[in-house]
Amino acid sequence: EMVQEKNLIFTPPEGFSDKMIDPEFTPTLYKMATEGFVFSNSYNCAWGGSTASGEYSNITGNFYTTANCLKLSASKYQPWTLGNQFKKLGYKTVGYHNNSYTYYGRNKSHPNFGYQWKGVGNGLKFKYNGWPRSDKEMAEVTAGEYMGKNQPFHAYYMSVSGHANYSFDGNAMASRHKKDLPAKYADYPSDVRAFIACQYEVELMLQALVGRLEETGELENTVFAMAADHYP
């Protein structure tokens with residue numbers, strides 16, 4: 001009953017780990033991780049298929065061990081996914097990804113999961129188009145499509161900013177946020193620092209969504225849920 005009839009924003013943050021959550025550096029994540037429901041006995045499987053199989057598991061509650069799982073699911077009846085369940089209740093159900101909308105066949109699987117699906121190539125445009133793109137910018141350019149519309153909503157965000165490689169040369173978001181890292185991380189190995197820096201985009205994405213929800217008066221009626229697609 002605590003979450004009945006509320007809006008839902010669900011995101012699998014790419015390659016995320018709770019080890020980077022910090023009360024000062026990532027206050028939004030910290031608040032969610034300490035004041036919300038925390039499923040501390042939930043683990044990411046060491047399955048094959050990487051993001052696709054982890055995403056499939058998050059959406060359906062089942063699991064595959066092949067990266068073709070999303071393509072394979074597109075022709076299957078999927079009544080129990082969050083998108084289709086909320087759609088039946090009259091919610092606006094939208095899904096976004098800050099990479100190609102066709103990657104892993106999501107252009108076929110995600111509409112079948114119940115989402116109005118949008119990514120790069122079918123309407124989602126970014127000011128920055130390096131690798132990877134910004135999770136924060138994805139939130140900023142999409143929130144207005146479903147918030148403040150006098151209709152309950154379920155929004156799904158498949159992020160990409162935390163994608164390997166974990167180096168300041170191999171991840172544009174790590175490079176962007178290198179200067180933002182607290183001094184206490186100065187002695188960490190470079191790849192760990194790069195991981196924390198690129199995952200800072202998850203914090204910024206959540207800040208952007210929370211801020212927009214406050215503006216539209218929908219924050220107290222919205223639930224956030226997060227589960228990573230796989231271990232880093």
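The residue numbers shown here count from 1 along each chain, following its written sequence. The predicted origin of the model limits local features to residues at a pLDDT of at least 70 and limits the giving and counting of side-chain atom pairs to 80 or more, whereas totals for whole chains, interfaces and linings rest on all residues. Only hydrogens and water are set aside; all other atoms, that is, all heavy atoms of the structure, feed into the side-chain values.

To continue, consider the environment of Gly121. Numbering of helices and strands runs from the N terminus, with a helix taken as a DSSP run of H or I at least four residues long and a strand as a DSSP run of E at least two residues long. Within the element layout of this structure, Gly121 appears in the loop between strand 3 (116-120) and helix 6 (135-142). Along the sequence, Gly121 and Asn99 sit 22 residues apart, while their C-alpha atoms lie 8.6 Å from each other.

A few words on the side chain of Thr93. Considering the arrangement of structural elements, one finds Thr93 in strand 2 (residues 92-100). Under this definition, polar contacts are N or O atom pairs within 3.5 Å; protein pairs additionally need one hydrogen-donor-capable and one acceptor-capable atom, and for neighbouring residues in sequence, both atoms have to be side-chain atoms. Of note is the side chain of Thr93, whose polar atom sits 2.6 Å from the backbone oxygen of Gly114. Not counting the four nearest positions on each side in its chain, Thr93 is found in contact with Gly83, Phe86, Lys87, Gly114, Tyr115, Gln116 and His154. Pairs of residues are marked as contacts when any of their non-hydrogen atoms sit within 4.5 Å.

Think of it this way: a Phe, Tyr or Trp ring, Trp meaning its six-membered ring, pairs with another when their centres are within 6.5 Å, and the plane angle makes it stacked under 30 degrees, edge-to-face over 60, tilted otherwise. Tallying each qualifying case throughout the model produces 12 aromatic pairs. Between Phe25 and Tyr185, the aromatic rings sit 6.2 Å apart at their centres with planes inclined by 70°, giving edge-to-face as the arrangement. One end of the pair, Phe25, is in the loop between strand 1 (7-11) and helix 1 (27-35); the other, Tyr185, is in the loop between helix 7 (172-177) and helix 8 (190-216), with 160 residues separating them in the sequence. Accessibility here uses a 1.4 Å probe with only protein chains present; expressed as a share of the type maximum, an area under 20% marks a residue as buried, one over 50% as exposed, and anything in between as partly exposed. The class of Tyr185 is buried, set by a relative accessible area of 7%. Centre to centre, the rings of Tyr185 and Tyr188 are 5.1 Å apart; their planes meet at 70°, and the pair counts as edge-to-face. The exposure class assigned to Tyr188 is partly exposed, which follows from its relative accessible area of 38%. Here the aromatic residues Phe25, Tyr185, Tyr188 and Tyr200 are joined through ring pairs into a cluster of three or more.

Read these as geometric descriptors, not functional statements.
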